[in-house]
Amino acid sequence: MLKCVMSGSQVKVFGKAVQALSRISDELWLDPSKKGLALRCVNSSRSAYGCVLFSPVFFQHYQWSALVKMSENELDTTLNLKCKLGMKSILPIFRCLNSLERNIEKCKIFTRSDKCKVVIQFFYRHGIKRTHNICFQESQPLQVIFDKNVCTNTLMIQPRLLADAIVLFTSSQEEVTLAVTPLNFCLKSSNEESMDLSNAVYSEMFVGSDEFDFFQIGMDTEITFCFKELKGILTFSEATHAPISIYFDFPGKPLALSIDDMLVEANFILATLADESSRASSPQSLCLSQKRKRSDLIKKKAGKNITGQALECISRKAAPRRLYPKETLTNISAVENCGSPAMKRANGDISEVSENSVSNTEEVPGSLCLRKGKSEASLNYRLKKSLIEKSLIYGISIENS
Amino acid sequence: MRFRAKIVDGACLNHFTRISNMIAKLAKTCTLRISPDKLNFILCDKLANGGVSMWCELEQENFFNEFQMEGVSAENNEIYLELTSENLSRALKTAQNARALKIKLTNKHFPCLTVSVELLSMSSSSRIVTHDIPIKVIPRKLWKDLQEPVVPDPDVSIYLPVLKTMKSVVEKMKNISNHLVIEANLDGELNLKIETELVCVTTHFKDLGNPPLASESTHQDRNMEHMAEVHIDIRKLLQFLAGQQVNPTKALCMHRICRSGKKTLLFRVETNETSKVSSVLGDETIFL
């Protein structure tokens, strides 16, 4: 279960990530975890994988909880949010990013697992609110097992350089070849294609090693990969203003393009054409695995296993923004109907609870979540009040329909 | 056959790129003719008389710092190549802000025109970009179809108004009719006219000036105000006008009636006397 809040400029970066991933695939996994919110996608031929991880500090407010399932043999299996969205549903929401950045005050994304919906709300000035409800499919997100650090060749470049190189190639060319030696770097049209089409222009660009921020080549390599995904990655990198790192090895082994800002980490893994001797007609599929149990997976960078926690509440603001139990929603409608006396009573109770909660961040919220049918006293006063006000003024129903 | 040329000057490179863009807009394939002192872009359209529809001439000295060529043979010291015009213009597009541009004829798996650009970059080392554009060598027996159109003495020749203005007028007229009548006289007046059943629209241009005629004597007794007219396909005219990216110093239109009664219209655009583009449009008089 996820809840996060972003400001206008953060939405722009988020939107650019969605746009970059849309070039890879038609489906997107929303995968929140303790490390942050990850957007993952894989293309239909399993030859390209993209993942953009937004760390919790990227958001103004980030809250994630996994449902803890009590199984019979007393092993708590933590179920992550298995949320797969269609790109057609989510991409139009993040259109016109420049105007979004200027006009919105806040963007809230939260999930309602009981209804399999992701809700994206944009709060504009003058109290205007735009809400999108997107249904998601339950599907386990895929992850690529790829360790960047063992690659023999590593490059770090400014996105501008890649953008200049991309201009050279026509959109009809599907594949490009990257050839490196310890001294220089060359991006050229794939030999395969230019041999077949006698009308195609063969282009190549040589760049000296001193134009790179980091240039470490273990061995002379020539790899060929699909060009289409590269363009998507470039637009995202221009939004983050961070250099792109390229990790690769011998032909056949995937290539990783990585952008690592303090707040956002993006990884795009592309399959490459295998070598002459073991030539496959198409790029080999990436090694993918599904997340059965979080604890079992070895993630790309982090060695440690992830253990689910019952609840997490990470917030930038000083004010205690409590977690948001599912029951909250049903309770609010009850409060609305009750009228003022009930509210007062609730207020009284709540203030006490809040003070307690401040000291024990982990324990109290945990108990709150699991207890079902708790009265409105468990709600945070401030949060509840603002919700009620909004619902009364704007006539928006917050309850479950 | 050999050909090597190099451009170093930015302005020349810019001009060459714009001409190449103009050619790309006019036709998909074009012929490049290389001779010791000139470079020509030739477009062959299927005209009724089978002639050249566009002829562009560039004085090589005005563009290239180095220019070496060796034709097919000693007597025929020329090279005719056929290429996709868009390939060349796209290759040149990457050459903006280049330190140097080299073009040469090579044979890598198949005959190519290799465009090699040395780009300036922020660091000390420069980037080298190479494009191999596939070409077809045109055999000598087909050369006769690709000669410069003979410009016969025109009946009327007139300087054109600002091409941008003319283009916007013709574009609006395109929506009404497919055929345009161009009338011009020796008094500096040009009319663009379209006629349909419902409406007739004419745009008049005055005081345009006429270039001096070659043979003055035969035309002395001619009525200066007599309008010579030609019917042409509006889309072809628009194609020619749309391609004009280079700001010309001189643009003129020549009208000629042959003995057979066939009328031809020739447009010529010159820039600083370094490049000349001539486009021939045949008459398509419609008998109603």
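Sequence order as written defines the numbering, with residues in each chain counted from 1. Following the order in which they are written, the chains are lettered starting with A and the ligands numbered starting with 1. Restriction of local features to residues with pLDDT of at least 70 applies here, the model being predicted, together with a cutoff of 80 or more for giving and counting side-chain atom pairs; totals for whole chains, interfaces and linings are based on all residues. To get the side-chain values, take all heavy atoms of the structure and skip hydrogens and water.

- Going by an unreviewed UniProt entry, chain B carries the name Checkpoint protein and comes from Macaca fascicularis.
- The annotation that UniProt attaches to chain B under Sequence similarities (unreviewed entry) is "Belongs to the HUS1 family."
- UniProt positions are given in the numbering used here, feature names are shortened, and annotations may be inferred rather than shown by experiment. Within the UniProt record for chain B, the comment given under Subunit (unreviewed entry) is "Component of the toroidal 9-1-1 (RAD9-RAD1-HUS1) complex, composed of RAD9A, RAD1 and HUS1. The 9-1-1 complex associates with LIG1, POLB, FEN1, RAD17, HDAC1, RPA1 and RPA2. The 9-1-1 complex associates with the RAD17-RFC complex. HUS1 interacts with POLB, HDAC1, FEN1, PCNA and RAD9B. HUS1 does not interact with RAD17. Interacts with DNAJC7."

- Per an unreviewed UniProt entry, chain A carries the name Cell cycle checkpoint control protein and comes from Macaca fascicularis.
- A UniProt comment under Subunit (unreviewed entry) is attached to chain A, and it reads "Interacts with HUS1, HUS1B, RAD1, RAD9A and RAD17."
- As recorded by UniProt, the Sequence similarities (unreviewed entry) comment attached to chain A reads in full: "Belongs to the rad9 family."

Topic: the sheet that holds strand β17 (residues 202-208) of chain A
- With antiparallel pairing, nine strands are arranged side by side in an open sheet as β19(A)-β15(A)-β16(A)-β17(A)-β9(B)-β8(B)-β7(B)-β1(B)-β5(B). The sheet is open, and its two edges are formed by β19 (221-226) of chain A together with β5 (66-70) of chain B, each paired on a single side. With strand direction ignored, the average angle separating the axes of adjacent strands in the sheet is 15°.
- Any two residues whose heavy atoms approach within 4.5 Å are treated as being in contact. Axis angles are defined between N-to-C directions and span 0 to 180 degrees, where every axis is a line fitted to C-alpha atoms and, for a helix, only to the segment in contact. Here a helix means four or more residues in a row that DSSP labels H or I, a strand means two or more in a row labelled E, and each is numbered from the N terminus. Across the sheet, helix α2 (residues 85-93) of chain B is in contact with β7 (98-108), β8 (110-119) and β9 (127-134) of chain B; its angle to β9(B) comes to roughly 180°. Should DSSP find at least two bridges between two strands, the strands are regarded as paired.

Side note on the sheet that holds strand β22 (residues 264-270) of chain A
All names here are of chain A.
- One open sheet accounts for ten strands, arranged β12-β8-β2-β3-β4-β22-β21-β20-β14-β18; its pairing is antiparallel. Each edge of the sheet is formed by a strand with only one pairing partner; in this case those strands are β12 (137-138) and β18 (214-216).
- Bridge analysis of strand β21 (residues 255-260) against β22 gives six bridges, and the strand direction is antiparallel. Paired with Leu-255 across the two strands is Leu-270, which belongs to β22.

Some points on the interface of chain A and chain B
- In this complex, chain A contributes 19 residues to the contact, which on the side of chain B involves 18 residues.
- Of the roughly 1600 Å² buried where chain A meets chain B, counting both sides, 51% is carbon and sulfur surface.
- Throughout this description, the term salt bridge denotes a Lys or Arg side-chain nitrogen within 4 Å of a carboxyl oxygen of Asp or Glu. Remark: the boundary between chain A and chain B carries one salt bridge.
- Polar contacts, as used here, are pairs of N or O atoms within 3.5 Å; protein pairs need one atom able to donate a hydrogen and one able to accept it. Residues neighboring in sequence count only if both atoms are side-chain atoms. Taken together, chain A and chain B are joined by five residue pairs in polar contact (both at pLDDT 80 or more).
- For the side of chain A that touches chain B, the secondary structure elements donating two or more residues are α4 (159-168) and β17 of chain A.
- It is β17(A) that provides the largest number of residues to the side of chain A that touches chain B, a total of seven residues.
- Put simply, Ala, Val, Leu, Ile, Met, Phe, Trp, Tyr, Cys and Pro go in the nonpolar bin, Asp, Glu, Lys and Arg in the charged bin, and everything else, Gly too, in the polar bin. Classifying every residue of the side of chain A that touches chain B gives nine nonpolar, six polar and four charged. Buried area is understood as the total, over both parts, of accessible area removed when two parts are fitted together, assessed with a 1.4 Å probe.

Looking at helix α6 (residues 228-240) of chain A
- Only protein chains enter the accessibility calculation, which uses a 1.4 Å probe; a residue whose area is less than 20% of its type maximum is buried, one above 50% is exposed, and one in between is partly exposed. All buried positions along α6(A) are accounted for by A:Glu229, A:Leu230, A:Gly232, A:Ile233, A:Leu234, A:Phe236, A:Ser237 and A:Thr240.
- Just beyond α6(A), the residue with positive phi is A:His241, at close to 55°.

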